[in-house]
Each structure stands twice: as structure tokens, then as C-alpha cells.
Amino acid sequence: MAPQPQPRGGATAQASEEAPTANNAENTGGTSNTNSESTTASRVASSIQADLDGIEVTLGHVGLPVGGTSAATNTSTGAGADRAAAAASSLIGGRAAFESIGSALGGARARLDAVTQADTGPGAGSGGGGSGSSSNSSSSHPLVDVADRLRTLERAYSSRVPLSRWSGRSLSRVDEVDGTGTTTTTSTGTSTVSNVGREDGAAAPHATNIESSGGRNVLDDDSEPFADSLKDDRRNNLARTTSALLASRRLAAEAGYADANGFDAAQAGVLSSIAERRDSVAASMATSSSRVSLEGETASAAAADNDAVEGTDADGDYPHGEEDMQVDEKPVDDPTTLPRPPPGGTKTTTVPGKPVIYSWGIGSAGALLQEDAVDYESPSNMSAADSRVGKHQLLSIAASSNHAAVSTATGSVFSCGTNVYGVVDPLEGDDRAMIVRPRSMSESLGAARVVSVSCGVEHTAAVRANGMVMTWGNDGGGRLGHRRTGGGTAGTEAKEHGTGEDNRVGGKRKSPAAMQLPPGRRAASVSCGSAYTLVLTTRREVLGCGSWSDLQLTPTPTPLAALGGMPIALVSAGDGHAVVTTEFGSAYAWGENLHGCCGRVFPRTISSPAPVVVPETSLSRPVHDPTDGGPATELSFKNWARWDGRRHPPSIAEDVRVVDVACGSGFTIMVCASGRLLVCGSNNVGQLGTAPCAEVCSVASVEHPEEGPKKTKFVSVEAGISHALLLDDCGDVWQTGSFHCSGPERSSSPTSTLVCAIRGLEVTTIAAGGHQSYALASGASNALSRQFSVASDLLMTNGQSKTKAPPTSKDWSFSLLSGLEVLIDKVVQEEKEISESEAGHEAASVKDLAASVEELLSWPAVLGSLFLDPLALDRIYKRIIYSDKNRRFIRPSIAMAMQRGVDRGTQNLLSCGARFIYPESVRCLLLYLQCPLFSDDAVKHTSGSAGIIFDEGGELFQLLCETVVSLPFEGYRSFIAWATSLYDPTLYSQLLIRPLLCHLDIILGASGSDWRFRHQLPIIVSILRWLHEASEQCVPHIVAPEAFYSEAVSNLPTEALYEDLSRWKEASQFQRSSNFFLSGHPFLLSATGKRNLLQVENQLEMVQAATATLSYDAQQRGFVFDPYFVLAIDRKYMLQQTLQKVDKAAPGELRKQLKVVFKGEDGVDAGGVTKEFFQLLVAQLFDVSTGMWQDIGPNNTLHWFNGNCTWNRDGYHLVGILTGLALYNGVLLDVDFPVAVYRKLLRQPLGLEDMVDKETSRGLQQLLDYDGDDVEDIFCLTFSHVLRDSFGKEQSVELKPGGANISVTSDNKEEYVVLYVKWFLVDSVQDQYEAFEAGFMQVMETSSIMHVLRPDELELLIVGTPNLDFSALKDNTEYEGGYDADSPVVVNFWRFVQESEHETQVRLLKFSTGSCRAPIGGLGNLFFKVQKGDPEGRQLPSSHTCFNTLILPDYGDDYDRLKNALSRAVLECEGFGLQ
């Protein structure tokens, strides 16, 4: 009976030391027959050989079945069963066996060394230094074979390569390749079947037969205890394999990244026959020949990426050739010198040309990626020879206080540390286990290719190449994001599918599963906090799940509303707070604001992202010349300016523009573009890089400690619990804070705790977490780069990827833009090749371009990140939309794609609950608004119209406008700030105002219901009002007021406009704010439309004033009234009589229609007499002899009040009345008031730009612009002003009390300018102006001019247009009495007009129309008629000024005769008469 198995050195051996001495040559391990059973060396050799048998089985078949059916059984089954069995067998293996047999090898080595030293036989020397190959000679000393075999197994174990796949193995050979494609590999004592010859990469059925000398199975009935333990291990293997397979398939199918039915064929076969496999495996347990104990660890189930094939892809192939799997075969003279795990602090030799990984810190958690769990006070590197991760090129490193994880260039993940909640190995049952040596996650993650990882305290997240996020560990608070939108959780679904979820720890431990991202989202990066997870998508969205402190996120990854629409570039999660940065360098923080780590003193908890309050930039703001063009204003946002010139987009100053950020435990460190640091939060151990103190609540700056000719900059930062790592542009690593252990010696500087940890090694990447630090030095040019591509799912043509876009938000955005440019060029080239017969057909690539455009517009944050300059976007828009340079032909499919894209983008903003409280989230709305199709006249917005239909019914534009008007106050301010600072006057008018006016015209021009009931109207008008007010507040205005004139509003019936105006005047303030009135937005109405509206209002006022005197006349038996206010005056005493008449008239009388009668003249006043009356009266009132006015301005042409004229208040009152009467009766006055007069009449504020004395205005502006500190010495001014009165006497006027003794300095010069302007425009002419205004308002008190008109429009209504364009008058002239444009006398008349001097032209206009001014719009808007007079030509020309008609006798073609007659009439005639 065979002896019972006994444990030896941690491994269970079948044979004891008393094993039979007469063994066959095929005995296990290939040992030689011994000559004497009494020889001690032979007994020891036999015993060691027995132990090595079990070790060899495990090392030879990791990843292959520990036991199973025989080859004969496998070949008898069908092909489908073979494939299913092969796949199942490939997943039943023993990664854990590697960890359990180390002590067994150590025990065997110790026993061999002991017997070698005691034995003096011929094999002693060979035992210590075997040749490296097995010897089958029976004459060899038994210890030689044992030493050779042990050396081979030690090398296989040291390299972590399965013996059956190790290229340096010496115990196996390939015998044959059978018909199934499998290769039978025969070892001296073993027979295996591997998948070397299979083309599909699936594992083939495998059987292991270990025969004894008697031909029977060594594991017979007498080995019952060992067989039972092996059965338990096999059952565990099967359960874990089944769980992993089901979970892998479920995740791939449910997340939408693979078709469940088309998932890997081999795995699908396993799933279909899993029940049969349970039975067959259970049956085979009784005859299993495996001879290894896992010492409490179950065998692993690595399918696609286990330790045996760490460098392979999902199918088991070696993507980089066999060299990845080669083990250094340098001969070793002494087996005791084989590579072993180095002790703490020992530095290994790096492999030339390979990246070198350094780690240091506290190792008690086993998270340093080293081979031991000791502390490393200084950086220690890991080479490929002795480190599991050292031989890989890494993509990312992450760590927490409990564990660490890395992702490799081949997409695999390794982790180590304390396995709390299964964060290191979800398949490991013991949560307290410490896994020091990095362990592959291939069993848990399957064939997933991971590009980045992140570690929380009790959970881990990994981003796959396809954008899926896998999370596992503690799901407390929903931090893993497994919860579905419908309320179910991934864990619940896992239990339903039997994935083996572990509920031992409060039901919170979860195996790797896909985070339930919103539809269509792909992750670019992930960052784990203590109890929450943040995901940055390729669409620049931030999704969050989990909770911390008083803040609760949803268990489903949900967009953060406060960050909606913002171009987020980076996410960093700390223990209790998080920070994100935007593409343009702004930083936002939220969470537990301990010690001010969120960049502000209070509150203690910030519930949603808030701006980090960074200091003011130290850079001097650039001063740009306004004549250089560009936008009207600078951005009002803190630290924003046009640092590169006025014509360049604005940006944040580089010394406060954040490019990287890291969050530790209660502290934050940000790296700026200038290379300096911005820090805040806890600093008890100097983790902020400054002298230790309790905290830094306000953001402070830290410079690089080294200064030189070329300033060294920090470029990257990572943070742990109480320390941080910094990488500079020289490749050196700097460290702050403490590991709470004896770390690197600190600097003696009292102001900085920055210590250089690594210098001169060209470090490319750093990582930190918990109390650990990591650095990667560039030993190869392709370090930290994936060796597989990630195809973008956005730029597709016929299912083929057009670009390779790495899964980062920034690169995704720019790859999309570059792809657009390529597609545009391709479309243009294809359109050139389209023949004329195919004109109108779209190019083949237009569909691809349309898809890309739609995708770009669908994500507002991406659009905002790519286009800060609106002109650049406008160029792209037009290149995409129009197929010709003249922009006449629109690509139909592009128009539809843009409509869908803008609609989706706006809907995405609304669906995520974007709050629009921060500037960078609002700008995308302006980018949508400027889409050229919204304002293109060639586009139709109603169905049934010929041409391209875009935004039918205006619903999309309405949705966009509704989003804009719904902005909170902060969003409104940002909207206006972006509009005024990014858009120059041309773009402001064409890209922002024009689309709104076009849709306003469409709404008002549409037939149907009354415009007052169009719900779109108030929304569009509100946005126009915002833009109008913003333009008016700029000096000078961004655009002319005429840019806001709406043709549709101006063309509305005057009666309808007056009705709206009447309702507005009668409404209360509350009613005006709660109801829409067009009259509340007079900037939309042109000056001509306002004139017509006021004329209707004045006419109705005249009727009301006339009927107010209505009385019943008994004699006439009817009602009588006087409709006119009649002024019957003598030309000689015009001024005196007019003053008397007006002074006696009641206010109601002045509001009647004015009728002027000159005594002794027969003219009937139909308007012409009134015109002349005003012209004559104005000439007298503004004569210099009155002393009422002072002539100022260019050439002294402007009339300003004389502050010294205190004797003629009635004169000013009369001027005011006459000005009001002229406006009321529609008469133009020949008077030149400065603009300040009209602004004062309309009660609008005055400023320096309103100064009537331009010389004084320029001097005051020079004072404001002066930057020196010696203002007092240069300008020598005080707060007083010296003036002369009418008699030449000087007097001093103090601008404020004691002003004569207060000097003007650089600190109070603004106050001086304000007080001087107020004194000159208001105080110095107070009495004179008040009399003038009282007279004006006596007539216009009830008029709407105060609300409807602007100052420049009031000036036009009072004095008309001074610019006279007689060519426009000629084009607008009508002819009567037989004249036409070609009549000889008419031709000569216009020749006379063109050849005359300006003064003669003005007199001719006054003679013909009664006014020397043109109406609003110029002479082109003046109704003028030339009528045929005396056919004999014997009379002088005459006119009907009431009707703007010139009576021109027929002088034939005699030009001189016409010239003389017109000159006499124009220069000498005066007065009215009837013929």
C-alpha cells in the first residue's frame, strides 16, 4: 500500500523518504536507478524527486487543468464539445500555485545543500553547479539530476513563467502534432496537451498522467485525504471559473460593448455546456493525478491574461513576439545564486532601454509594488529580472493607503496591498490578506484591456480601451456606480446570473462590474475618492457617484449640474474633496473644505463645484490701442485678458492658469502654466511646499526652489495623504510633506519643504497615494504608450474608423476637429470632380462630414473647448455649410445634420440640469446662436417652401432662445461679458444680432394670428434687449443703434403700434413687467417708424386738445370748437408778439395744431408758413446779440447756454416752447444744439464724452490716461475752476468744499473729472437750462418721446439731417405738368444744382421746402415735386413749401436763362402770397 502523503516544505509530496528504491527509468522526475538502498544520498535524492514531482506539475500547467479527462476521452467527443471543453480547461488553472510553492522550493534547496556539503561522492560538485540540462544517464550521481532539475524549476518560478511555456525548459520536448491541432508535450514523467498548434488561440483539452513504476496511478485509494483536499480545490476552481465567465459575458452584453450572442465563441461554448462540465469535472476528481496542495488558496481561472501569459493579448498570442516570453539563459554556476526577491532597500540592476519604475514610502500595507512589505526611505527601482511589474511598460499607476494598481501597455492590470473588500484580488476570500507581490487581475477582468486605473481607500476603478469603467471593492454609498437608472443594481443582476457576489461585509463587497454610465458616454479618465468616484468622459462631462461627509451623490453615475457645458480637462479626487480644471485653466472645487482646501475660507462644506479663489495675476494687463480693431471691451472675468494682442482670443494669465492639480487629505496643489504652484489646505507637515503651519486657507503661490538662466518649471503633481510629488520640466522629482516615517532628509530652509527625491534620471511620470510614491524614468522612447490602438467611435465612414483617438477628453476633441478639416477637404475635392451633368448631387463624403458635424454640435463642452475665437468657428461653419465661395449653395445633408446636432446639444444641456452659473458653461450658447443657417436668407423655415428647409417652424431656435433667457443672473452676466469681449463690431452684428432679427422678422411676417399672441416674440426680443443694452453701455458703442432696427417691426401698421404704445402707457409697472409690449423695446423701431408713431400720437393729442374746448352754440344750433392755436403776428415784431402770445396761452392751447398768419400777407398756412415762421424766429433767438448762447465746438457752430446770462430767463423759456412746438407740429429747426442738450431733455446721464468743449474734453482724458505718480507736479490742478463773467471779471468756483486747497493727484483724478463734467454740463447752466426745459415740456409733457427716442433720434426729429445728398433727392423727385426726367429744362435744373455751391444748394432747398434740413433718412426720404410753370418762361420760379413743390417755368434748353432765374428766386425772394 502506498504511503500517505506528507507535507514537505509547504508542498505535499506523494512519495515519502521511504519510497521504493527500485524505480523504472520513467519514474517521476526522471531520476536514475539507485545501486544501493542504504546510500543516504540516494534516499534523499529520491525523497526530493518526489517533492519536485508535485512542484513540476503545478509549474508546468499553470493556466491549464490540474486534472481532467484523458486525451482519448477528449478525442472521442464531438468538435463542439472539444471546443467547449478546451475553453473551460484553459480557464481552470493555478496562478495561486506560484505563491504557495515558494516555500517548497526553498525547503528542497536547503535539503539538497545540506546533503551536498556532507557527501564527498562524485556528484557533490555537480549538485551545486549543474550544467543546466537534465541528464538521463543511469551512471550519473543521483544528486546531479536532482540539482539540475531543481535549478530548472527555480528559474521557472523566479521568472513567473509556466514551465510548459518557458523557452528555456529542459525537461519537455514536442513529440507530435495530432490532427486536432494540439501538440503533445512529453516530459520525462508527465504527458500534457497544450494549445501551441491551434490557430484560433483557444485552449485545447488537456490531461495530465503521472505514472508510477508499476503503471498504476500514484493517487490510489490509499490517498484519500489528499484526494479530498484536491476535490475541494477543484470545486472552488470550477465555481470561480463559472462566475468569472458569466460575469464577463454579462458585462459585455449589458453595457452594450459586445453582442451577447457573438461574444467569444470559446466562452459561449463553455456557457452552453457548463452544467455538463460540472458533472465531468466532479467525476474526474476521483482519478485526478495532481500532486499539489494550494495551502488554503484556490486555483485561479485566468482566461485571457494570467501570470503565465502576462505579455499576451486576449487570445493568448504574443503581440510583440516570443522575445517577451524569453527568460535570460545566462549560465549560473551556483544554484544558490538564482534570482530571489530582494530585501528592503536593495537596488537591482536596470535593464538597458527599458523604463525604470521607482517606488518608496511606507510598505506595511504591501502597496509599493516591491517584492516585500518593508519601508523604503528613498526611491528604489524595480527591474524586469525581479519585479512582476518592472518588466512591463506602464500606462498608469494609482495607489491608496491600502493598495496600489497599475495598468500596462498591453492592457493588463496588476495590483497589490491589503485586500480589504477585495480591492486587490476580488477572488481572494480573505479581506485581511496582504498580497505583497503584484497580482494580475486578468481572472477578474477577463479580456478587458485597461488603459488607466484609480484607487480609492476601499475600491478600485479601471478605464477600458472602449471607454467602459470597471469598478470593484466596497460599494458603500454607491461609489462603484453599479446601480442602474431603473433602480436595480449591478450586484442584484449579478446574483441573478450567479456571478458569486460576496455579501459577507454588509452586502457591500462587489466583484468587478461595469459602471452604469449614461447612454453614449465613454470614459476618458476616472478618479477615486475615499467613498466616491468621478468619471471624466470624452465629451468633457464629469459624472459622479457615491458620497462623502454631508454630500450624497447618486449610486448611478450622474452628470454634475454645476459643470454642465463646461470644457472639463482634468478631474482630481481627494479623500473628502475634489477639484476639476477646465480647458482654459479655471479650477473648481467642492466637498469638505477642511483647512481651506477648496480655495476659500468658508463654508466648511461646499455642496457643488465652486471656483477656486486664486490670487490676482502678477502680470501687467496689456494696453491695446482701440484703433487696432477687435472687440469693444476686455473680459471682466478675473485674470482674463488678451495677453497675446487685441486680435487674439482672451485667456487666463499663465501664472494663475491651472494645468494640473492633485488633491490630498485636506490639501490641494495646483500647477500653473508658468510653472509655479498654487496651494491651499492643511500644511501641518509641509505638504504644501512651504514652512509647516496648521493650514493655508487662502490660495498661496510657491515657486520652484531652483533658479537659473532658464527658469525651471513644475509640470505635474500627485498627492498622497500627507505628502505630494512634483515633476519639473528637467525630469527631476520633488517631494513635499512626510510619510510619517524617517523619509528623505529635509531641507534646512525655513521657508520651503521641497526636497529633490530623484535627480537626473529623466522621470516622465509620477504617482502618489496613501503613504507611497512612484516614479517612472524614461528608459525607452515608447514608455507609457499603449501598444494597441483605440478607435474613435465618432469619425466613422462605412463602419471604418477614420482616426485613432486615445480615450482622453482633450485628444478626443482635437482629433474630432482635425478629422473635420480632413473631411471638408475631401468633400471639396470630390465636389470639384462632379461633372456638370451631375450638378446638384452631393459628394460621397458629405455623409461622413455630416455625421462628424452632428457629433461635434451634440456636445456643448467639446464645442466650447475647441473654439474660443468665434471667428474661427464661423469659418468652420461656412466651410462646412456652403459648397461655393460665394455661399450661395448649401449642402442639404449638412443643414439637417447641424439642426440635429444643435438640438441634441441643447437637449443634453437641459437633461443634465446645467446650472449655467459659471462663465465657461455659458459660452456654448453663443456658439450655437451664431450658426449661419439661422440667418441665411436662402434657408426656408416653413414647410412647403422651395429650397432647403432648416429648423422648420423655428422650434430649434425657440428652444435655444428659451435656454438663454432662462439663465440665472450669473449666467446672464457671463453671456453679456463673452458677447462684448469676444465679438468685434462686425461679428457682434452679423453673428449675434442678425439671427435674432431674422427670426423676429419671420414671426412678425408670418400670416395668421395677431403678433401679440406669438409666444416666441418676447423671448427673442429679450435677448436682443440684452445685446442692445450691452452695446449702449460701451464707449464707444459696440455697434450703431441702427443695427438693432427690425424691418418687420418698423413695417407694422402705425395704428397697431400706437395701440400697443397706449396700452403700455396705461399699464402699471407691474403690468409692464408681466406683459409683453413692443413699445417697451423701442430700439427695434427705426427712426422713421418712431417719427410716424409720434406723429399719430401728436395728431390724436391735437384732436383731444381741440375737443376739450368743445361748446354748444345755441345760435348755430351745434357744437363749435377751435382746432388751431393761431399765431397772428407782424414780421417786424415777430419775437415780441410771439412771446406775448405764447405766454398768455394755456397748456391745452399749445397742444392744438399750430397755424401762423403773417399780417398783411395772403398766404394760407398749409405748413409752409409755419416752416418759415420757425426759421425766422430761430434766427433771431440764436443771434449772438441776444447774449443767451455761447458758440462752441468745431468752427463755433454749436449753441450752448450762457451761464452768465441771468437777465433773459423768458428768452430761454420761449426757445423751449418753440422747440417743443416745432417737434409737436413736425417742423424742422435750423438750430445746432450739442448732444448733451438732448440727453438732458431725455433725462439720461451725462459723461465725459458729452462735453461740449472738445479741447477741455481731450485735456481731461489725458489726465485720466496719465500713469505717473507725479500728477500734482505735471498738471498743477486743484478742485476749483477759474472763469470770467460777462464783464471779464475772474471768479473761482470750487468743485467741492475746500477744493481750492485740494490738489489733483493720481488717487483722486477720477473724482476731479467727474466733478468738473458735472459742473460744466449741469451746475454752471442750471437756471438757464431749467427755463428751457420748462418751456419744452409745456408742449411735450404728455408725449412718449422720453421713452421712445434716443438722444440722436430726438436730434433728427428736431433739426433733421444736416447732410444733404441732392443725388438722392433727384432719384426721388416726381414731375408734373408735362415734365419728365429727360425734359431739357429739368436736365438743366439738376445741372444747376450740382454746379452750385453748398450755400446756394441750402437756399434752394429752403426756397422749395421751407427748411434747409433734410428729414430723417436724408433727402432720399423727402417727397419733392417739380411742376411745370409758365410755358413761355417769362416768370421767376416759385414754390409751394407746404407740399415741397417747385414751380419751374419752361426755359427750354437755355441753361443761362434758367440759372439767372433760379438765382434771383433763391437769393432775393421772401414772403408768401396768392396769385
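Here's a quick rundown of the structure. Since we're looking at a predicted model, the values are computed, not measured. (Residues numbered from 1 in each chain as written. Predicted model: local features only at pLDDT ≥ 70, side-chain atom pairs only at ≥ 80, totals over all residues. Heavy atoms only, no water.)

For the protein chain, the helix and strand inventory stands at 41 helices and 50 strands. For the protein chain, restricting intrachain contacts to residue pairs at least 6 apart in sequence, the fraction spanning at least 24 positions comes to 63%. Accessible surface computed for the protein chain: about 61,300 Å², of which carbon and sulfur atoms make up 50%. (Helix = DSSP H or I, 4+ residues; strand = E, 2+ residues; numbered from the N terminus. Contact = heavy atoms within 4.5 Å. Areas by Shrake-Rupley, 256 points an atom, 1.4 Å probe, with all protein chains shown as cover.)

Scanning the entire structure with this criterion turns up 37 salt bridges. Among the salt bridges present, the one from E855 reaches R539, with a minimum N-O distance of 3.2 Å. On the criterion of sequence distance, the pair formed by E855 in helix α14 (residues 846-858) and R539 in the loop between β17 (532-537) and β18 (542-548) is long-range, its members being 316 residues apart. The residue E1333 makes a salt bridge to R1243 at a minimum N-O spacing of 3.1 Å. With a gap of 90 residues between them, E1333 in helix α35 (residues 1326-1340) and R1243 in the loop between α31 (1235-1241) and α32 (1254-1265) connect regions that are remote in the sequence. Each of the salt bridges in this network shares a partner with another, and the network as a whole consists of K1090, R1350, D1352 and E1353. (Salt bridge = Lys/Arg side-chain N within 4 Å of Asp/Glu carboxyl O.)

Next up on the list: the sheet that holds strand β48 (residues 1424-1428). A sheet is described by the order of its strands in space; here four strands give the open sequence β47-β48-β50-β49, paired in mixed fashion. Of all strands in the sheet, those bounded by a partner on one side alone are β47 (1373-1376) and β49 (1438-1440). With direction set aside, neighbouring strand axes in the sheet form an average angle of 25 degrees. Here β47 runs beside β48; their pairing, made up of four bridges, is parallel. When the bridges of β48 are listed, E1374 appears paired with K1425. (Pairing = 2+ DSSP bridges. Axes fitted to C-alpha atoms, helices over the stretch in contact; angles between N-to-C directions.)

Below, the discussion takes up the side chain of S682. Take S682: it is sitting in strand β29 (residues 677-682). At 3.3 Å, the side chain of S682 forms a polar contact with the side chain of N684. Not counting residues within four places of it along the chain, the set of residues in contact with S682 comprises H595, S665, G666, F667, Q687, L688, A694 and E695. (Polar contact = N/O pair within 3.5 Å; in protein donor to acceptor, adjacent residues only side chain to side chain.)

Here four strands make up an open sheet; going across it, the order is β31-β32-β33-β34 and the pairing antiparallel. Looking at strand neighbours, the two that pair on one side only are β31 (714-719) and β34 (755-758), the edges of this open sheet. When strand polarity is set aside, the average angle formed by the axes of neighbouring strands in this sheet is 30 degrees. Examined bridge by bridge, β31 and strand β32 (residues 723-728) share five bridges and lie antiparallel to one another. Paired with A719 across the two strands is A724, which belongs to β32.

We now examine the nonpolar core. If you look at the biggest cluster of nonpolar residues, it comprises 220 residues, and the most contacted ones within it are F975, Y988, L1000, L1024, F1173 and W1200. Those residues in contact with L1024 that sit more than four places away from it in its chain are I993, L996, L997, L1000, F1044, F1083 and L1084. Counting 27 residues, the second largest nonpolar core, distinct from the first, contains V1386, L1404, L1405 and L1446. (Core = buried A, V, L, I, M, F, W, Y, C linked by side-chain atoms within 4.5 Å. Buried < 20%, exposed > 50% of the residue type's maximum accessible area, 1.4 Å probe, protein only.)

The set of residues buried in helix α27 (residues 1134-1144) consists of M1134, Q1137, T1138 and V1142. Down the axis of α27, the buried side of the element spans an arc of 125 degrees, and every buried residue falls inside it. Away from the buried face of α27 by more than 90 degrees, exposed residues Q1140, D1143 and K1144 are located. Structurally, α27 contributes buried residues whose contacts are with β41 (1124-1129), α28 (1147-1150), β42 (1153-1158), α29 (1168-1181) and α30 (1209-1225). (Arc of directions from axis to C-beta.)

So, about the packing of aromatic side chains. All chains considered together, the criterion is met by 29 aromatic pairs. Look at W1200 and F1201: their rings are 5.4 Å apart centre to centre, the planes differ by 70 degrees, and that puts the pair in the edge-to-face class. Classification of W1200 as buried rests on a relative accessible area of 1%. With centroids separated by 5.6 Å and ring planes inclined at 80 degrees, the aromatic side chains of Y1266 and F1275 adopt a geometry described as edge-to-face. Taking the relative accessible area as the measure of exposure, F1275 reaches 25% and is therefore partly exposed. Clustering of aromatic rings is evident, with ring pairs tying together F1182, W1189, W1200, F1201, Y1212, F1233, Y1238, Y1329 and F1332. A cation sits over an aromatic face here: R1391 above Y1455, 3.9 Å from the ring centre. (Phe/Tyr/Trp six-rings, centres within 6.5 Å; stacked < 30°, edge-to-face > 60°. Lys NZ or Arg CZ within 6 Å of the ring centre and 35° of its normal.)

Take the packing of α27 against α30 next. Between α27 and α30, whose axes approach to 11 Å, the crossing angle comes to 80 degrees. It follows from the interaxial angle that α27 and α30 lie roughly perpendicular. Along its contact with α27, which presents L1135, T1138, L1139 and V1142, the element α30 presents D1210, L1214, I1217 and L1218. Along the lines of polarity and charge, the residues of the contact of α27 with α30 split into six nonpolar, one polar and one charged. (Parallel < 35°, antiparallel > 145°, perpendicular 65-115°, else oblique. Nonpolar A, V, L, I, M, F, W, Y, C, P; charged D, E, K, R; others polar.)

What follows covers the pairing of strand β35 (residues 763-769). Sheet faces and side chains relate simply in a regular strand, where the side chains alternate between the two faces. In terms of burial, β35 is largely enclosed, as five of its seven residues are buried. Relative to strand β36 (residues 772-777), β35 runs antiparallel, the two sharing six bridges. Within β36, the residue paired with T765 across the bridge is L776. What sits between the antiparallel neighbours β35 and β36 is a turn of two residues, in which G770 has the positive phi angle 60 degrees.

What follows deals with the packing of α32 against helix α34 (residues 1309-1321). Two numbers describe how α32 lies on α34: the axes approach to 9 Å, and their chain directions differ by 165 degrees. Classified by the angle their axes make, α32 and α34 are roughly antiparallel. The handedness of the crossing between α32 and α34 comes out as left-handed. Listed contacts from α34 to T1256, L1260, L1263 and L1264 of α32 are K1309, E1310, Y1312, V1313, Y1316 and V1317. Here the contact of α32 with α34 is composed, by residue class, of seven nonpolar, one polar and two charged. (Left-handed = near helix turned anticlockwise from the far one by under 90°.)

Don't take any of this as a statement about function, it's just geometry.
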